[in-house]
Amino acid sequence: MGDGDEEPGFVPLEFSEIREEEMLSRARSFYEQMDGRRTTRHFSDREVPRELIELAIRTASTAPSGAHLQPWTFVAISNSDLKARIRKEAEAEERRFYEERIPEEWEEVLAPLGTDHVKEHITDAPWVVVLFRQTKREREGKLAPTYYSQESCGIAAGLFISAVHNMGLATLPHTPSPMGFLRDILERPAHEHAMLLLPVGYPADGARVPDLRRKGIGEVSDFRD
Ligand code: IYR
């Protein structure tokens, strides 16, 4: 692209090339950093400054999204009463799931994770962030569609989780099911659907995680070079 190719609405890409050696070293250290992330269910109630949560949400919001509509709302809750209400409703739904609705083949793969209907993390963690997916957007006073909102919000959630890990805190993608109660409690509009509940905080002293291994590169990829 040379002079005279300037299209309105476009600006030059800011890109600075990195030497290949440096690329490899950065790629390795980022992988190692991310490979050290574990999902724990045990959170401390130690305070976390609001600015860190804002930065995690800003990072999540850098996600690419369908038609750049950024179809997400991150509701960040530190209010204890609200967290207690959310926990109560989440546990009521989860109790039904674990006691009545869970199919055998699901129970089998959940057992090693040690999960149950008790969701202490919702009241222990200093922050609970609920990711709402917007299936519609406002356009000229009416509602119009968003596009690829599941994919967009999934990517944003991944960036949120990475940002939290990178800043030295822990989070847990919790999926109370069904989670319609979150829209009611948090007074979000009908076109926003709760997708993930993410407690954020320090791990508790003595926090434990299941003894899992991750799949190797050969199990998660199929190269054709
Ligand atoms: N939503 C429930 C059950 C659950 C389901 C899966 I798949 C998990 O990886 C973990 C839990 C809960 O949050 O307990």
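Conventions adopted
Residues numbered from 1 in each chain as written. Predicted model: local features only at pLDDT ≥ 70, side-chain atom pairs only at ≥ 80, totals over all residues. Heavy atoms only, no water. 1 Å grid on protein atoms, 1.4 Å probe; cavity = no way out; pocket = protein on both sides within 12 Å on 5 of 7 lines; lining within 4 Å. Points joined across faces, edges and corners; volume = space filled by probe spheres on them. Nonpolar A, V, L, I, M, F, W, Y, C, P; charged D, E, K, R; others polar. Helix = DSSP H or I, 4+ residues; strand = E, 2+ residues; numbered from the N terminus. Near = heavy atom within 4 Å. Polar contact = N/O pair within 3.5 Å; in protein donor to acceptor, adjacent residues only side chain to side chain. Areas by Shrake-Rupley, 256 points an atom, 1.4 Å probe, with all protein chains shown as cover. Sits in = over half its atoms within 2 Å of the grid points.

Participant: Teacher, can you tell me more about the layout of surface pockets here?
Facilitator: By volume, the largest pocket amounts to about 410 Å³. If you trace the largest pocket, you find 20 residues lining it, with Arg41, Leu113, Gly114, Thr115 and Pro210 closest to the centre. Considered class by class, the residues forming the lining of the largest pocket number six nonpolar, six polar and eight charged. Reported here for the second largest pocket is a volume of approximately 250 Å³. Looking at the second largest pocket, it is lined by 14 residues, and the ones nearest its centre are Glu94, Tyr98, Leu110, His174 and Thr175. Per-element tally for the lining of the second largest pocket: the top contributor is helix α3 (residues 80–101), with three residues.

Participant: What's the story with the site of the ligand in this structure? I'm lost.
Facilitator: Taken together, Glu94, Phe97, Tyr98, Trp106, Leu110, Leu113, Lys119, His174 and Thr175 make up the full set of residues adjacent to the ligand. In the environment of the ligand, a nitrogen atom lies 2.7 Å from a nitrogen or oxygen atom belonging to the backbone of threonine 175. Surface burial for the ligand is 73%, taken as the share of its 370 Å² of free accessible area covered by protein chains. When atom positions are compared with the pocket grids, the ligand is found to occupy the second largest pocket. Those elements that place two or more of their residues in the shell around the ligand are α3 and α4 (104–110). It is α3 that provides the largest number of residues to the shell around the ligand, a total of three residues. Split into classes, the residues belonging to the shell around the ligand amount to five nonpolar, two polar and two charged.

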